[in-house]
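# Working through the structure, step by step
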Amino acid sequence: MSIIRLTVPSGSLSEKGRETVQRDLAGALLRWEGAPDTPFFRAQLWSYLVELPAGAQTTAEDDAPRFLIDVTVPRGALSEDGKAGLVRDATTTVLSAAGLTEADASRVWVLAHEQPDGTWGAGGSVIRYADLVAIARGQRAED
């Protein structure tokens, strides 16, 4: 029940990077959440690629492309180590997708938003983090 929204300037990702970046980010988030890599959990992790039109992103210094990764997860889904690992892996993933190097890492920002329990709903029902943990345990037991 997580969401990734990657905002990039139009044309800043390579063709291959544009094709793979969303699923690569999703894979990283599943790993750091500790969720099983199953069809159910992959289907619940939504990803949006927002491409800004030319001139819509700048800083007071220059027009070099910047990348913003907003990640929304249920509170408790990411430990402090998980947040650090996600930031590291998401940054590397986006740099690769844009054909940039680690020297450009400061141009990638990752914002982790934790949604309080009881404030996330799907399919007409409130989904609690404990419900997701129980589903994950059940799917791991099936392996």
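Residues numbered from 1 in each chain as written. Predicted model: local features only at pLDDT ≥ 70, side-chain atom pairs only at ≥ 80, totals over all residues. Heavy atoms only, no water.

### Structural notes on the overall build of the chain
Summing up its helical and strand segments, the chain has 4 helices and 6 strands in all. For the chain, the C-alpha radius of gyration of 16 Å lies close to 15 Å, the compact-globule estimate for 143 residues. Projecting the C-alpha coordinates of the chain onto the three principal axes gives extents of approximately 50 × 30 × 25 Å. Taken across its 143 residues, the chain has 35% of its residues classed as buried. Across the chain, every contact between residues at least 6 apart in sequence was considered, and the portion connecting residues at least 24 apart equals 79%. When the accessible area of the chain is evaluated, it comes to approximately 8,200 Å², of which 53% is carbon and sulfur surface. (Helix = DSSP H or I, 4+ residues; strand = E, 2+ residues; numbered from the N terminus. Rg over C-alpha atoms; globule rule 2.2 N^0.38 Å. Buried < 20%, exposed > 50% of the residue type's maximum accessible area, 1.4 Å probe, protein only. Contact = heavy atoms within 4.5 Å. Areas by Shrake-Rupley, 256 points an atom, 1.4 Å probe, with all protein chains shown as cover.)

### Here's the deal with the confidence of the model for the chain
On average, the chain scores 92 in pLDDT, and the residues at 70 or more come to 97%. Mean pLDDT in the chain bottoms out at helix H4 (residues 129–142), which sits at 74, and peaks at helix H3 (residues 80–98), which reaches 98. (pLDDT = per-residue confidence, 0-100.)

### Details of the environment of Gly 76
Structurally, Gly 76 can be placed in the loop between strand S3 (67–74) and H3. The partly exposed category is assigned to Gly 76, whose relative accessible area is 43%. Between the C-alpha atom of Gly 76 and that of Thr 119, which follows or precedes it by 43 residues, the distance is 13 Å.

### Comments concerning H3
One full turn of an α-helix is made of 3.6 residues, so residues set three or four places apart face in the same direction. In this model, H3 (19 residues) spans 27 Å end to end at C-alpha, consistent with the 27 Å of a helix rising 1.5 Å per residue. The complete set of buried residues in H3 reads Gly 82, Gly 85, Leu 86, Ala 90, Thr 91, Thr 93, Val 94, Leu 95, Ala 97 and Ala 98. Contacts from the buried residues of H3 go to strand S1 (3–9), helix H1 (15–33), S3 and strand S4 (108–115). Directly after H3, the chain includes Gly 99, whose backbone phi takes a positive value near 70 degrees. (Expected span 1.5 Å × (residues − 1).)

### Points about the packing of aromatic side chains
Tallied over the entire structure, the rule returns 1 aromatic pair. With a centroid separation of 5.0 Å and 85 degrees between ring planes, the pair formed by Phe 40 and Phe 41 is classed as edge-to-face. Over the face of the ring belonging to Tyr 48 we find Arg 5, whose NZ or CZ atom lies 5.2 Å from the ring centre. (Phe/Tyr/Trp six-rings, centres within 6.5 Å; stacked < 30°, edge-to-face > 60°. Lys NZ or Arg CZ within 6 Å of the ring centre and 35° of its normal.)

### Considering the nonpolar core
By size, the foremost hydrophobic cluster in this structure holds 28 residues, and its most contacted members are Leu 25, Leu 29, Ile 69 and Val 94. Listed by contribution, the elements that provide at least two residues to this core are S1, H1, S3, H3 and S4. (Core = buried A, V, L, I, M, F, W, Y, C linked by side-chain atoms within 4.5 Å.)

### Some words on the sheet that holds strand S2 (residues 46–52)
Strand order across the open sheet formed by 4 strands is S2-S1-S3-S4, with mixed pairing between neighbours. Because the sheet does not close on itself, it has two edges, and the strands there are S2 and S4. Averaged over all pairs of adjacent strands, the angle between their axes in this sheet comes to 15 degrees, without regard to strand direction. Contacts between H3 and the sheet are confined to S1, S3 and S4, with S4 contributing the most and set at about 140 degrees to the helix. (Pairing = 2+ DSSP bridges. Axes fitted to C-alpha atoms, helices over the stretch in contact; angles between N-to-C directions.)

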